[in-house]
Number of protein chains: 2
Amino acid sequence: MARIVQRIVQKYGGSSLGDIDRIKRVAERVKAARDAGDEVAVVVSAMAGVTDQLADWVREVAPLHDAREYDVVVATGEQVTSGLLALALQDLGVPARSWHGWQLPIHTDDEHGVARIREVRTEDIERRLAEGEVAVVAGFQGVGSGGRVTTLGRGGSDTSAVALAAALGADRCDIFTDVEGVFTADPRIVAQARKLDKITYEEMLEMASQGAKVLQTRAVEIAMKHQVRVQVLSSFADTPGTLLVDEDEIVEQELVSGIAYSRDEAKITLVGVPDRPGVAAAIFGPLADANVNVDMIVQNVSADGASTDLTFTVAKADLEPAIAALERVNRDLEFKALKSDSNVVKVSVIGVGMRSHAGVARQMFQALADKGINIQAISTSEIKISVLIAEDYVELALRALHSAYGLDSR
Amino acid sequence: MARIVQRIVQKYGGSSLGDIDRIKRVAERVKAARDAGDEVAVVVSAMAGVTDQLADWVREVAPLHDAREYDVVVATGEQVTSGLLALALQDLGVPARSWHGWQLPIHTDDEHGVARIREVRTEDIERRLAEGEVAVVAGFQGVGSGGRVTTLGRGGSDTSAVALAAALGADRCDIFTDVEGVFTADPRIVAQARKLDKITYEEMLEMASQGAKVLQTRAVEIAMKHQVRVQVLSSFADTPGTLLVDEDEIVEQELVSGIAYSRDEAKITLVGVPDRPGVAAAIFGPLADANVNVDMIVQNVSADGASTDLTFTVAKADLEPAIAALERVNRDLEFKALKSDSNVVKVSVIGVGMRSHAGVARQMFQALADKGINIQAISTSEIKISVLIAEDYVELALRALHSAYGLDSR
């Protein structure tokens, strides 16, 4: 039998909570959902800019800082908004209370700054939801094994919301943000970009991993695993957003659903690497030890049979540590030179449709070639093709690909 | 046998932690104490102005607010400084970690906004202090019986510090502030005011209760009860401050040690109150029910034997609720008129010396009369005489009394 009372988790981002007036408007939106008879739990981010300010103070105090104390400081922004929103709801006559990570609790591992949620305990709030109280949960934070405050990384409140929705068995998780949903491409760059009514979990996961900032990757992973019906929508409009769904819920599947890009890329080329077994391990082992994630890898065909060039990409922040790690092991590696370039962007076309269609990659390379854009590296997965290009060409590339795959608004 | 390692609690106020540079300077001061071989626990306030900003937001969201959510919001200021100071200490090579009220925990009652500390658990930090780690404890906050965040009221970090010092059996509790210690009178008004090297707990308690803002009253109560050696001193100077001591530690006791004043007073006069038994209960009962504290009370001699005038004082914030409560019960009371006046100040002279000396009150009344200052009400305790005067005369009265009791710097 279907449950008559719906259980909804709503998440509001920092721009939706940017000042007291906006917090009051969010309270009205929450009240409307509750007045409709739903059980409502709300997850809040910090007021826009607050987390950045707190993080700046931490760096000003100690450039090389203890991640545990970083978490203590930056987690306070969400505590403020959780209390203020609970008060705004009470002021509208809606029973509400705030919850911190340690109060539910939301248990995480101990990887401070990038902690992963292990368990969300909901006994207390389920009882109160049933009594008509709204739970206002501070996003982005949890509590580690030693009872210390942890945070979940950039965009972590999305993850808090989806994990809470999964734990509550919520009927829907509405992620309110400052955009109207998930678009076929960044509408600030591609004027023809369209809002998608639906997108599959897998596509959203690739979009998020490849640079689309609309949802944290980890949030999509949890949504996919627990089949949480996540909707991304604007808190400033009253239009439906984008719903994350299973593949079989999408009737007319496009070949490509969206195009993502990431500026957070840096390229390293090792020139004259000896072409012998074990060399890749000798390079990528030390990088892994230095906690550097390597993304795209291109190995040139050896010209002389003795040495080759190796190109790979890392996150911009990892460029310096990567170079340092490589220079430490250079005596064993014996490469001739190390070149690096931060002015690169990764552009990805994503769509579950490409599983069953050939030619998607060729179409991409042709569209870029037609505009004279050089491809520096390529990587693919079952539902995604990514290319590395020079930063100057990113807008041109996005618009060309958007047209080439027939995504422009009709 | 004397303990060789001293155990010190230091407390820093909001102006000492006003920006990142000041936080770094505080870290250096803490480091110096620890480098001298002491075990050091630090209690911090919020950065200057932050608690006010947070409280303003609360009032903007909901004028009649839930004290539990108020506490959630305003407690965050101390969490930020606890994390930042721990980081600044680590940056100087000093092992340190932050502690929130719920982490130690500091158990309080459930009177949100004005909670009282019930118990400070110190097992964890004692072990870490012994290992050389500095504990940085967020002041002003604790945790109530239901696991909710509580705060201790204005100046509550003083109380946190003294309660922690008592629980740790600390050798000293240094309260660092923006003044050099406890003065014979407010030096901003009385240029001749002198810093006291020592003051008794009892005198300090009266000073704090009668309006001196240098220490929270509750902090002095705990210090007196547990014989904590509290020192009030400046974080901007390297001079000794004022030490709170037992009476027998002061060799040359002055008649009057200090003069305090409070602008937080309002006067209510009930004109034509029937002069019959039970009338006082009929007046002060409803005020107590409305949580209004009555301070000074003056009942005029009945002229006609049938009715009298009754004057008393309340805190300024309680004036409106007091008037409302009295008007509700006026049918039974049958007073003829209610007059109120907020332009009054209470001036108090304080000294344990007056226990054994007569004439202190006469000296006070004479000094005020000589300046033409009218006394509107009087109250006394064993070591204190307070008078209510018109606000316009407060500076004149303070200077006159300071001279009359021979307190001017010599």
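None of these values were measured; they are calculated from a predicted model. (Residues numbered from 1 in each chain as written. Chains lettered and ligands numbered in written order. Predicted model: local features only at pLDDT ≥ 70, side-chain atom pairs only at ≥ 80, totals over all residues.)

1. As for the overall build of chain A
As a reminder, the rule being used: Note on conventions: DSSP H or I runs of at least 4 residues are helices, E runs of at least 2 residues are strands, and numbering of each starts at the N terminus. C-alpha atoms define the radius of gyration, and 2.2 Å times the number of residues to the power 0.38 defines the globule rule. Here the C-beta atoms are placed from the backbone, and a residue counts as buried if at least 20 other C-beta atoms lie within 10 Å of its own, exposed if 12 or fewer do, and partly exposed otherwise. Contact between two residues is assigned whenever their backbone-derived C-beta positions fall within 7 Å.
Counting its secondary structure elements, chain A contains 13 helices and 18 strands. Taken over C-alpha atoms, the radius of gyration comes to 23 Å for chain A, in line with the 22 Å a tight globule of 410 residues would show. Residues counted as buried form 50% of the 410 residues belonging to chain A. Pairs at least 24 apart in sequence give 75% of the contacts found in chain A among residues at least 6 apart.

2. Remarks on the packing of helix α2 (residues 50–61) of chain A against helix α4 (residues 76–91) of chain B
Just so we agree on the cut-off: In this analysis, axes come from line fits to C-alpha atoms, helices being fitted only over the stretch in contact, and the angle between any two N-to-C directions falls in the range 0 to 180 degrees. Here roughly perpendicular refers to angles of 65 to 115 degrees, roughly parallel to angles under 35, roughly antiparallel to angles over 145, and oblique to all remaining angles. By definition, turning the near helix anticlockwise from the far helix through less than a right angle yields a left-handed crossing, and turning it clockwise yields a right-handed one.
Contact pair α2(A) / α4(B): the axes reach a minimum separation of 9 Å and the direction vectors enclose 25 degrees. Taken together, α2(A) and α4(B) sit at an angle that is classed as roughly parallel. In this structure, α2(A) meets α4(B) at a crossing whose hand is right-handed. Mapping the contact onto sequence places A:L54, A:W57, A:V58 and A:V61 in α2(A) and B:V80, B:L84, B:L87, B:A88 and B:D91 in α4(B).

3. What about the relation of the copies chain A and chain B?
Formally: We superpose the copies by least squares over the C-alpha atoms of residues that have a pLDDT of at least 70 in both of them.
Laying chain A over chain B is done by rotating through 180 degrees and shifting 0.1 Å along the axis; what remains is an RMSD of 0.1 Å. Read as a symmetry element, the transformation amounts to a two-fold axis. Using C-alpha coordinates, one finds that chain A approaches the rotation axis most closely at A:T76, a distance of 2.9 Å. An overlap of 100% is found between the interface residues of chain A and their copies at the interface of chain B, pointing to a shared contact surface.

4. Structural notes on the confidence of the model for chain A
Spelled out, the test is: Along the chain, pLDDT gives the predictor's confidence residue by residue, from 0 to 100.
Here chain A shows a mean pLDDT of 93. Residues at 70 or above account for 99%. In the predicted assembly, ipTM is 0.85 and pTM is 0.87.

5. Details of the sheet that holds strand β16 (residues 337–350) of chain A
Residue and element names in this part refer to chain A. Heads up, the rule is: A pair of strands is treated as paired once DSSP finds two or more bridges between them.
Read across the open sheet, the six strands follow the order β14-β15-β13-β16-β18-β17; overall the sheet is antiparallel. Edge positions in the open sheet fall to β14 (294–299) and β17 (377–381), since each of these has one partner strand only. Here the strands of the sheet are splayed against their neighbours by 30 degrees on average, with no regard to which way each runs. The strands touched by helix α9 (residues 279–289) within the sheet are β13 (258–274), β14 and β15 (307–314), with β13 carrying the most contacts at an inclination of about 125 degrees. Helix α10 (residues 319–328) contacts β13, β15 and β16 of the sheet and is inclined by roughly 135 degrees relative to β16.

6. Comments concerning helix α6 (residues 156–168) of chain A
Residue and element names in this part refer to chain A. Rule in force here: Any helix carries an expected span of 1.5 Å times its number of residues minus one.
For α6, spanning 13 residues, the distance from its first C-alpha to its last is 18 Å, which sits close to the expected 18 Å at 1.5 Å a residue. α6 sits mainly inside the fold: 13 of its 13 residues count as buried. Trailing α6 by a residue or two, G169 shows a phi angle of about 60 degrees, which is positive.

7. With respect to the interface of chain A and chain B
Counted only if it meets this: Residue type decides the class: Asp, Glu, Lys and Arg count as charged, Ala, Val, Leu, Ile, Met, Phe, Trp, Tyr, Cys and Pro as nonpolar, and the leftover types, Gly among them, as polar.
On the chain B side, the residues contacting the 29 residues of chain A number 29 residues. Taken together, the elements giving at least two residues each to the side of chain A that touches chain B come down to α1 (20–35), α2, α3 (67–74) and α4 (76–91) of chain A. Partitioned by chemical class, the residues of the side of chain A that touches chain B number 15 nonpolar, nine polar and five charged.

8. Some remarks on the environment of A:I175
Residue and element names in this part refer to chain A. Secondary-structure assignment places I175 in strand β9 (residues 172–177). Distance from I175 to Y12, taken between C-alpha atoms, is 6.4 Å for residues 163 residues apart in sequence. In contact with I175, other than residues within four places in its own chain, are K11, D158, A161, L215, V230, Q231 and V232.

9. Thoughts on the nonpolar core
What counts here: By definition, a nonpolar core groups buried Ala, Val, Leu, Ile, Met, Phe, Trp, Tyr and Cys residues that are joined through C-beta atoms within 7 Å. Note that domain bounds follow an automatic or database assignment of domains.
Counting residues in hydrophobic clusters, the biggest one holds 260 residues, and the most contacted among them are A:V42 and B:V42. Each of domain 1 (7–178) and domain 2 (270–338) of chain B gives at least three residues to this core. With near-sequence residues (within four places) excluded, A:V42 lies in contact with A:Q10, A:Y12, A:V30, A:L85, A:V134, A:A135, A:V136 and A:V137.

10. A look at unusual backbone geometry
Residues and elements named next belong to chain A. Across the junction of L104 and P105, the peptide omega takes the value -10 degrees, indicating a cis bond. Positionally, P105 belongs in the loop between β3 (96–99) and β4 (106–108). The backbone phi angle of F140 is positive, close to 75 degrees, even though this residue is not glycine. Mapped onto the secondary structure, F140 falls in the loop between β6 (134–138) and β7 (141–143). Accessibility expressed as a C-beta count within 10 Å gives 29 for F140, which makes it buried. Located in the positive-phi region is Q227, a residue other than glycine, with phi close to 55 degrees.

11. Considering the sheet that holds strand β12 (residues 242–245) of chain A
All names here are of chain A. Read from one edge to the other, the open sheet built from eight strands follows the order β3-β6-β2-β1-β9-β11-β12-β10, with strand pairing classed as mixed. Taken across any chain shown, the strands that pair with only one partner, and hence form the sheet edges, are β3 and β10 (198–200). Strand after strand, the sheet turns through a mean of 20 degrees between neighbouring axes, direction not considered. Here five bridges tie strand β1 (residues 7–12) to β9, and the two strands are oriented parallel to one another. Among the inter-strand pairings, Q10 is bridged to a residue of β9, identified as D174.

12. Observations regarding the pairing of strand β12 (residues 242–245) of chain B
Residues and elements named next belong to chain B. Looking at chain direction, strand β10 (residues 198–200) and β12 are connected through three bridges and run parallel. Bridge pairing links I199 to L244 in β12. Both strand β11 (residues 230–234) and β12 contribute to a ladder of two bridges, which runs antiparallel. Opposite V232, over in β12, you have T242 as the bridge partner.

13. Observations regarding the packing of α6(A) against helix α8 (residues 217–226) of chain A
To describe two helices that pack against each other, one gives the angle between their axes and the distance between the axes. Residues and elements named next belong to chain A. At their nearest, the axes of α6 and α8 sit 8 Å apart, and the two run at 15 degrees to each other. By the angle between their axes, α6 is roughly parallel relative to α8. Handedness of the α6/α8 crossing: left-handed. Of the residues in α8, those touching α6 at D158, T159, V162, A163 and A166 are R218, A219, I222, A223 and H226. Classifying every residue of the contact of α6 with α8 by side-chain character gives six nonpolar, two polar and two charged.

14. Some remarks on the environment of A:A317
With respect to the helices, strands and loops of the structure, A:A317 is situated in the loop between β15 and α10. Through-space distance from the C-alpha of A:A317 to that of A:A33 is 42 Å; in sequence the pair is 284 residues apart.

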